[in-house]
Structures are given as C-alpha cells and as structure tokens.
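Below, each chain spelled out in residue letters.
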Amino acid sequence: MNFELSQDHKVLRDSVRDFVNNEIKPLAMEIDEKHAIPDTLVQQMGEMGLLGSYLPEEYGGAGMDMLSYAIVVEEVSKACASSGVLISAHTSLCSGPILTFGTEEQKQKWLPDLNSGEKIGCFLLTEPDAGSDAGGTATTYRREGDEFVINGSKIFITNGGFLGTGVVLASFDRSLKHKGISAFIVDLNSPGVSILKNENKMGIRGSYTTAFALDDLRVPAENLLGKEGKGFNVAMDTLNGGRIGIAAQALGIAEGAFERALAYSKERKQFGQAICDFQTIQFKLADMKTRIETSKLLTYKAACLKDAGQNYTMESAMCKMHASETATYVTKEALQIHGGYGYIADYEVERMYRDAKITEIYEGTNEIQRVVISKLLLS
Ligand code: CAA
C-alpha cells in the first residue's frame, strides 16, 4: 500500500494549483456575487484540459485517470466551489456516461466538443416529483419514425444554463418504474427545450442550477444512450462516478477553509497571544485536519478502485457522504475561528460555509448514500 501520489499526479496537482491561484482564486468572490463564471475562464479550463481529464485523447480528452480528475476538482474547489462543480457535473455526469455507454459514433460526435469546453455538459435526471426517487421519472417519450419525442420537466440541473449537451432520462411506460426509463444525448439548444429559470441559491452561486420544460423535444433515434429501458442503470452508474467528483469538491472546499483558518489563527492576537496558542483553537484545528485526511483517503481510494476497474459503488457513496459532512463541519469551524470577521464576505470563509452545504444534498442526499451503503452491507 502506497499513500504517495505518483510523480505524474504531483505534477498535475502543482500545475492545476498554479492555474487556480493565478486565474480562479482572484475571481472567486466576483463569481459568487455575479452568479456567473466568466466565459473566458470556462474557455481557459478547456484549454488546460480540466474539462476532460479522464477522457481518452482520441476524443480530445487529457487521457489521464479518475484520480487525476479528483485532484483537478479538489484543487479548483479549494478556491471556487462553483467552478469545481462545473467541472464535476460536466465531466462525470455528461461526458462520463457517453464514454461508458455511447457507441463509437456517439463518442466521436459528442466528446470532442465537451472535452474542449465548446459545449458544457449536464445531466437531466431530477424532476419536481422525482429527486431521491430517481425511478419515479415522470418525463415521458414516444417513438415517431426515426425520432424520439420527449415531454416533461426537469429541475436543479447543474450547468443547465449553458444550453450545451445534456444526458436526459425519460420513461416510455411509467408503470414499468425504473425498467421503463431510457437515456438520450440531447443538444439543449434545440426547439422544444426552454429554460424556466436559473435558481437563486444559498451557495455555489456561480453555478447554473436550471429548471427546464421539455415540450415535444425531438431527438434523433441515434441519440439513444445505451439500450432502451436501461436508462436507470445508466443513471446509477453515472452517479456512482459522479459522487467521487462531489467528494473531491467537498474535500477541496474543506481544505480551502482549513488553510485560511490555520493562517488566521496564527495572525490573530487576543489576550496578548496568537489565538492558535489557545488549546480550544488547537483542538478545532486537529479535528478539522483529521476529518479532511480521512475524506481524502476515502475519495482517492474510490477513484483508484474505479481506475483499477474494480467495483467502487460503496466507496463512492462513503466518500461523498463523509467528505460532504466534513466540508460542512470544517467550514463552520473555520468561520468560528475567524470570529466576527468570518461573517464578513471579504474573508471568504462565509462563502465556503454557504458552498459546502449543497455537497450533502446533490448527486444523492447523504440519506440516500446511507441507503446505498447499508443495502450493500446487508445484501
Ligand atoms: N449502482 C448500480 N446499480 C444500482 C445502484 C447503484 N448505486 N443502485 C441501484 N442500482 C440498480 C439495482 O441493482 C437494480 O438493478 P436491476 O433492475 O438490474 O435489478 C436497479 O438499479 C433498481 O434498484 P433499486 O430497486 O434499489 O432502486 P430504487 O428505485 O429503490 O432506488 C436509489 C435506488 C439508490 C434510492 C436510487 O433511486 C438513487 O440513487 N436515488 C438518488 C438519485 C440521485 O442521486 N439524484 C441526484 C441527481 S443528479 C444531481 O444531483 C444533479 C446535478 O446536476 C449535480
């Protein structure tokens, strides 16, 4: 067992860290305030290969592995969680299933634009009445000649506002529950797709979270992703991988907040000494660091299992659950260490505190992660 990153992974981490410090960190507050990530930054991320880290080079990806992808999302999220989830939802919820379930033609058609950032990807699963109960998908489709016609509505779609490429889940027969669901690759800039709204959120305010109406959306038959009636399996497999991305995002948020809290505790003087000289602060720092380290071990382990082609369903649920609860805990403690200054936007930990909460909710609430883990334990 070797707990050291390989030389290649260290080089990747350091180059992404430089990019983040130079290009993303200075914009993080503005991204939160303006509720948008600048197009130029998205373009730079594409040029850096951050939007296709584990996608093969033959489709325009960076040809690295899942561990590299986790490192990318972690480093970006240390400075800006909105940018972190842009990369995560794009890569593992859209490019990922196309790579895993797509035909050769589909991969050649859709992946190069996703990997370059020409198109931003998203995953249209969640609906007003089908959140945790993903099998309750009420969006329907029917076949008409060489097309599928999709009708329904989707909510909480990360990256939806870009109107790029989407993987859409819809049912041909709701009485079949999850066995009636199929997956489709959709150009969201098509007639029949309309944005109902981009949500105004507590955190990750720079990330689009979009509600869509799909009205007689016509999709060519060749855009069916995987087999008809197997869309739920596409969704579950996709979410298993996606949860590693959310764990990495949560890990990055926690690390970003910890770095600030540690530095601040050394600078801030009260009662004639740095506050880090008080045991109450030292114990907080010790607890924060320990939870960060366990989150990192779980997240990297899940990524390495996926890279090794082994089953990682339980590990991805565990790392997502643990890292997200760590992010919420660490950002709360980091804010407390900052005292009143922590409540002021300039110190950034208040943004991280707001950003952290969603990681306990999206890509499967932590209650659902506990369902996944306990079902596997007892099966
Ligand atoms: N991995 C692989 N397969 C799985 C699986 C997993 N984690 N969980 C279930 N399955 C398979 C089962 O083996 C079964 O397969 P067969 O039909 O071949 O036997 C099938 O799926 C049905 O399983 P269940 O009977 O257990 O299904 P269920 O209806 O009880 O639901 C669930 C299971 C785990 C609760 C599932 O509905 C789930 O994961 N819900 C959460 C959905 C979710 O994460 N939503 C987030 C949306 S994405 C997002 O957040 C947006 C964003 O943009 C960031």
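Worth saying up front: this structure is predicted, and the values here are computed from it rather than measured.

Asks: So what about the domain arrangement of the chain? Which residues, and what values?
Replies: Taken domain by domain, the chain holds domain 1 (7–120), domain 2 (122–229) and domain 3 (232–378). Computed over C-alpha atoms, the centres of domain 1 and domain 2 are 22 Å apart. Taken together, domain 1 and domain 2 are joined by 0 salt bridges. At the boundary of domain 1 with domain 2, the tally comes to 6 residue pairs in polar contact (both at pLDDT 80 or more).

Asks: Talk me through the site of the ligand; I want residue IDs and the actual numbers.
Replies: Of all residues adjacent to the ligand, which total 22 residues, the nearest are Ser-132, His-178, Asn-240, Glu-363 and Lys-375. In the model, an oxygen atom of the ligand is placed 2.9 Å from a nitrogen or oxygen of the Arg-243 side chain. Take Gly-364: an N or O atom from its main chain is 3.0 Å from an oxygen atom of the ligand. Relative to its unbound accessible area of 1100 Å², the ligand is 71% covered by the protein chains. Judged by the fraction of its atoms near the pocket grid, the ligand is located in the largest pocket. Elements represented by at least two residues in the shell around the ligand include exactly strand 3 (147–158), helix 7 (231–267) and helix 11 (366–378).

Asks: Describe in detail the pattern of salt bridges, supporting the description with residues and values.
Replies: Here the structure, examined in full by the defined rule, presents 22 salt bridges. Note that Glu-75 is salt-bridged to Lys-78, the shortest N-O span being 3.2 Å. With a gap of 3 residues between them, Glu-75 and Lys-78 both fall in helix 4 (residues 66–79), about one helical turn apart. Each member of the pair, Glu-75 together with Lys-78, is buried. Ionic pairing is found between Glu-333 and Lys-284, a salt bridge with its closest N-O pair at 3.3 Å. A residue pair is termed long-range when its members are at least 10 positions apart, and Glu-333 in helix 9 (residues 313–338) and Lys-284 in helix 8 (residues 279–307) qualify at 49 residues. One salt-bridge network, in which partners are shared between bridges, spans Arg-142, Glu-144, Glu-147, Asp-216 and Arg-218.

Asks: Account for the layout of surface pockets, with residues named and values stated.
Replies: Empty space within the largest pocket amounts to approximately 1100 Å³. As for the largest pocket, its lining consists of 41 residues, of which Gly-131, Ile-361, Glu-363, Gly-364 and Thr-365 are closest to the centre. Of all elements in the fold, only helix 5 (81–101), strand 1 (121–124), strand 3, helix 7, helix 10 (349–357) and helix 11 reach the threshold of two or more residues within the lining of the largest pocket. Grouping the constituent residues of the lining of the largest pocket by class yields 22 nonpolar, 11 polar and 8 charged. Estimates place the volume of the second largest pocket at around 600 Å³. Elements with a minimum of two residues in the lining of the second largest pocket: helix 1 (7–24), helix 4 and helix 8. Top contributing element to the lining of the second largest pocket by residue count: helix 8, with 8 residues.

Asks: Mind laying out helix 11, listing which residues take part and the relevant values?
Replies: For helix 11, spanning 13 residues, the distance from its first C-alpha to its last is 18 Å, which sits close to the expected 18 Å at 1.5 Å a residue. Elements that come into contact with the buried residues of helix 11 comprise helix 7 and helix 9.

Asks: I'd like a rundown of the state of the cysteines, residues and numbers included.
Replies: By the definition in use, this model includes 0 disulfides. There is no disulfide at Cys-80, and the cysteine sulfur nearest it, in Cys-122, is 19 Å away. Cys-80 sits in the buried class, given a relative accessible area of 2%. Of the cysteine sulfurs around Cys-122, a residue in no disulfide, the closest is that of Cys-94, at 6.4 Å. Note on Cys-122: relative accessible area 0%, which makes it buried.

Asks: Tell me about the UniProt feature "domain: Acyl-CoA dehydrogenase/oxidase C-terminal" (unreviewed entry) in the chain, and name the residues and values.
Replies: Residues annotated by UniProt as "domain: Acyl-CoA dehydrogenase/oxidase C-terminal" (unreviewed entry) correspond here to residues 229–376. Measuring from the first to the last C-alpha atom of residues 229–376 gives 24 Å, for a span that is 76% helix and 3% strand.

Asks: Report on the UniProt feature "domain: Acyl-CoA dehydrogenase/oxidase N-terminal" (unreviewed entry) in the chain, specifying residues and quantitative values.
Replies: UniProt's feature table lists "domain: Acyl-CoA dehydrogenase/oxidase N-terminal" (unreviewed entry) at residues 6–118, given in the numbering used throughout. Its end C-alpha atoms 31 Å apart, residues 6–118 is made of 73% helix and 0% strand.

Asks: Explain the packing of aromatic side chains residue by residue, including any values.
Replies: Applying the stated criterion across every chain, the model contains 9 aromatic pairs. Ring centres of Tyr-141 and Phe-172 lie 5.9 Å apart, and the angle between their planes is 70°; on these two criteria the pair is classed as edge-to-face. Here Tyr-141, found in strand 2 (residues 140–144), pairs with Phe-172, found in the loop between strand 4 (165–171) and strand 5 (181–187); they are 31 residues apart in sequence, far enough to count as distant. According to the relative accessible area criterion, Tyr-141 is buried, its value standing at 6%. Look at Phe-172 and you get partly exposed, because its relative accessible area is 39%. By way of ring pairs, the aromatic residues Tyr-141, Phe-148, Phe-172 and Phe-184 are connected into one cluster. Above the plane of the ring of Phe-148 lies Arg-143, whose end atom (NZ or CZ) is 5.0 Å from the centre.

What counts, and where the lines are drawn
- Residues numbered from 1 in each chain as written.
- Predicted model: local features only at pLDDT ≥ 70, side-chain atom pairs only at ≥ 80, totals over all residues.
- Heavy atoms only, no water.
- Domains from an automatic or database assignment.
- Salt bridge = Lys/Arg side-chain N within 4 Å of Asp/Glu carboxyl O.
- Polar contact = N/O pair within 3.5 Å; in protein donor to acceptor, adjacent residues only side chain to side chain.
- Near = heavy atom within 4 Å.
- Areas by Shrake-Rupley, 256 points an atom, 1.4 Å probe, with all protein chains shown as cover.
- 1 Å grid on protein atoms, 1.4 Å probe; cavity = no way out; pocket = protein on both sides within 12 Å on 5 of 7 lines; lining within 4 Å.
- Sits in = over half its atoms within 2 Å of the grid points.
- Helix = DSSP H or I, 4+ residues; strand = E, 2+ residues; numbered from the N terminus.
- Buried < 20%, exposed > 50% of the residue type's maximum accessible area, 1.4 Å probe, protein only.
- Points joined across faces, edges and corners; volume = space filled by probe spheres on them.
- Nonpolar A, V, L, I, M, F, W, Y, C, P; charged D, E, K, R; others polar.
- Expected span 1.5 Å × (residues − 1).
- Contact = heavy atoms within 4.5 Å.
- Disulfide = S-S within 2.5 Å.
- UniProt positions renumbered as here; feature names shortened; annotations may be inferred.
- Phe/Tyr/Trp six-rings, centres within 6.5 Å; stacked < 30°, edge-to-face > 60°.
- Lys NZ or Arg CZ within 6 Å of the ring centre and 35° of its normal.

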